[in-house]
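Each chain, written out:
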Amino acid sequence: MDLIKKSFDDARQVLEAFMADGEKLDEVRRAGDLLVDMYRRGGKVFSCGNGGSLCDAMHFAEELTGRFRRDRDALPALAIADPSHLTCVANDMGYEEGFARYVKALGKPGDVLLAISTSGNSGNVIAAVEAAKERGMQVIGLTGKDGGQLKALCDVAVVVPWNGYSDRIQEIHIKIIHIWIEYIEQALFGKDNTY
């Protein structure tokens, strides 16, 4: 089979399987409700991940602080992506402490952490989740495969059950992230898009 067609076929298969599972869609909705409730109570959201998942964490935050589909007030969101912080902590305390240290510095009860790991087993993401729990924060996990260690640590865990390469998982992750942002915008600012 042609590589390009196979890639699209694989992506469609993962998306269709996810959409066919009502429990998965409920998890996405529960996480969306948790984020909306957090904003209504005056909280902020942090996001973290490694590699492509860090890019997704940054994308999530910038769409909230900026805008997605409409003009609206900025929403507080922080991707843990400051290279000076991450390299300082990695050098002085170890790589696994980078995200956790940031959460310990700025996280407060009522805030939310979006923890992204395609395997669910990234040590620095797990450490951030543990730090968030210690700070009285809620945690949304966005993961893949069987959910890994992350699944059991989250208030809501959205798992993309794919055991192949992580790019297929990440493709669903970015779709879920876009859905959450649209969900938040509609809940907080109404359905009348301005552009």
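Residues numbered from 1 in each chain as written. Predicted model: local features only at pLDDT ≥ 70, side-chain atom pairs only at ≥ 80, totals over all residues. Heavy atoms only, no water.

Caption draft 1: Geometry of helix α6 (residues 123–134). With 12 residues, α6 extends 17 Å between its outermost C-alpha atoms, agreeing within 8% with the 16 Å of an ideal straight helix rising 1.5 Å per residue. Once α6 ends, the next one or two residues include Gly 136, with phi positive near 80°. (Helix = DSSP H or I, 4+ residues; strand = E, 2+ residues; numbered from the N terminus. Expected span 1.5 Å × (residues − 1).)

Caption draft 2: Region of the structure containing the UniProt feature "binding site: substrate" (unreviewed entry) in the protein chain. The UniProt entry lists Asn 50, Gly 51, Gly 52, Glu 63, Asn 91, Asp 92, Ser 117, Thr 118, Ser 119, Ser 122 and Gln 170 under the feature "binding site: substrate" (unreviewed entry), expressed in the numbering used here. These annotated residues cover 121 residues of sequence, and their C-alpha atoms reach 32.0 Å apart at the extreme, placing them across more than a single site. Tracing the sequence through the fold places Gly 51 in the loop between β1 (45–48) and α3 (52–65). With a relative accessible area of 51%, Gly 51 lands in the exposed category. Along the chain, Ser 122 falls in the loop between β3 (112–117) and α6. Look past the residues within four positions of Ser 122 in its chain and what remains in contact with it is Asn 50 and Ser 117. (UniProt positions renumbered as here; feature names shortened; annotations may be inferred. Buried < 20%, exposed > 50% of the residue type's maximum accessible area, 1.4 Å probe, protein only. Contact = heavy atoms within 4.5 Å.)

Caption draft 3: Molecular detail of helix α5 (residues 98–106). Listed as buried for α5 are Gly 98, Phe 99, Ala 100, Tyr 102 and Val 103. In this structure, the buried residues of α5 make contact with β1, β2 (77–79), α4 (83–93), β3 and α6.

Caption draft 4: The environment of Lys 6, seen in detail. Within the element layout of this structure, Lys 6 appears in helix α1 (residues 3–20). Separated by 162 residues in sequence, Lys 6 and Arg 168 have C-alpha atoms that sit 12 Å apart.

Caption draft 5: Looking closely at the nonpolar core. If you look at the biggest cluster of nonpolar residues, it comprises 35 residues, and the most contacted ones within it are Val 45, Phe 60, Leu 64, Ile 176 and Trp 180. Of all the secondary structure elements, the ones that give two or more residues to this core are α1, α2 (22–40), α3, β2, β3, β4 (138–144), β5 (156–160) and α8 (166–189). With near-sequence residues (within four places) excluded, Ile 176 lies in contact with Phe 18, Val 28, Leu 142, Val 158 and Val 160. Among the nonpolar cores identified, the runner-up in size contains 21 residues, and Ile 80, Val 125, Ala 132 and Val 139 belong to it. (Core = buried A, V, L, I, M, F, W, Y, C linked by side-chain atoms within 4.5 Å.)

Caption draft 6: Looking closely at the pattern of salt bridges. On inspection of all chains with the given rule, the structure shows 11 salt bridges. Among the salt bridges present, the one from Glu 171 reaches Arg 168, with a minimum N-O distance of 2.8 Å. Separated by 3 residues within a single helix, Glu 171 and Arg 168 lie in helix α8, roughly one turn from each other. Overlapping salt bridges, with partners in common, bring together Lys 5, Asp 9 and Arg 12 in one network. (Salt bridge = Lys/Arg side-chain N within 4 Å of Asp/Glu carboxyl O.)

Caption draft 7: Fine view of the packing of α2 against α8. The geometry of α2 relative to α8 is characterised by a closest axis approach of 9 Å and an angle of 45° between their N-to-C directions. Taken together, the axis directions place α2 and α8 in an arrangement best described as oblique. Two packed elements cross with a definite hand, and for α2 against α8 that hand is right-handed. Residues Val 28, Arg 29, Ala 31, Gly 32, Asp 33, Leu 35, Val 36, Tyr 39 and Arg 40 of α2 touch α8, and the partners they reach there are Ile 176, Ile 179, Trp 180, Tyr 183, Ile 184, Ala 187 and Leu 188. (Axes fitted to C-alpha atoms, helices over the stretch in contact; angles between N-to-C directions. Parallel < 35°, antiparallel > 145°, perpendicular 65-115°, else oblique. Left-handed = near helix turned anticlockwise from the far one by under 90°.)

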